[in-house]
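# Coordinate inspection notes
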Amino acid sequence: MRLFRRRPLITEENYGRLMTSFGRTVDADPLVAGPAEALAERVTGELAVEAAEADNKLYRGAAAYHLRLLAGAWILASEGGVPTETAEVFEEAVAWRFGARELPERLGELARGEVERDLSMDGE
């Protein structure tokens, strides 16, 4: 991910616009919604304590919902549907909303394919 010279200004209004925009876009396309949900489930499973903290701060299910939309943003960016910078800013915004970076950063790494994949067969 490109590093900002300075972090983008995130406000309640900006965050609301991002959530509304990606909420409509991600949910409208099953080819984005399915993989986005799978990515969010993986991250909330891997970082269950952090996900629970985000849920406690916001509302039950918040971590999964916000991460699903973030995953959709990264998927759309990889397909050229939105600029990569938009997904980067949304990742920063989710970190701002959660008050922690672990969940959105892990999701971004997975969505961008920046992690090594385990291709071994079970039992080997």
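Preceding this section is the structure that the text describes.
The structure contained in this document is the topic of the report that follows. Quick caveat, the model's predicted, so the values are computed rather than measured.

### A look at the packing of aromatic side chains
- All told, the structure shown has three aromatic pairs when counted by the stated rule.
- When the centroid spacing of 6.0 Å and the interplanar angle of 50° are considered together, the rings of Y15 and W96 count as tilted. Residue Y15 is located in helix α1 (residues 12–28), and its partner W96 is located in helix α5 (residues 84–98); the two are separated by 81 residues in the primary sequence.
- Residue W96 is classed as partly exposed on the basis of its relative accessible area, which comes to 35%.
- Ring centres of F22 and F90 lie 5.1 Å apart, and the angle between their planes is 15°; this geometry places the pair in the stacked category.

### Comments concerning the pattern of salt bridges
- All told, the structure shown has 10 salt bridges when counted by the stated rule.
- R106 is paired through a salt bridge with E109; the nearest N and O atoms lie 3.7 Å apart. Remark: E109 and R106 occur in helix α6 (residues 102–111); sequence separation between them is three residues, near one turn of the helix.
- In this structure E109 comes out as partly exposed when scored by relative accessible area, which is 31%.
- Residues E114 and R112 are paired through a salt bridge, measuring 2.8 Å at the closest nitrogen-oxygen approach.
- Residue class for E114 comes out partly exposed when judged on its relative accessible area of 43%.
- The class for R112 is partly exposed, based on a relative accessible area of 24%.
- When salt bridges that share partners are traced, they join R42, E46, R106 and E109 into one network.

What counts and how
- Residues numbered from 1 in each chain as written.
- Predicted model: local features only at pLDDT ≥ 70, side-chain atom pairs only at ≥ 80, totals over all residues.
- Heavy atoms only, no water.
- Phe/Tyr/Trp six-rings, centres within 6.5 Å; stacked < 30°, edge-to-face > 60°.
- Helix = DSSP H or I, 4+ residues; strand = E, 2+ residues; numbered from the N terminus.
- Buried < 20%, exposed > 50% of the residue type's maximum accessible area, 1.4 Å probe, protein only.
- Salt bridge = Lys/Arg side-chain N within 4 Å of Asp/Glu carboxyl O.

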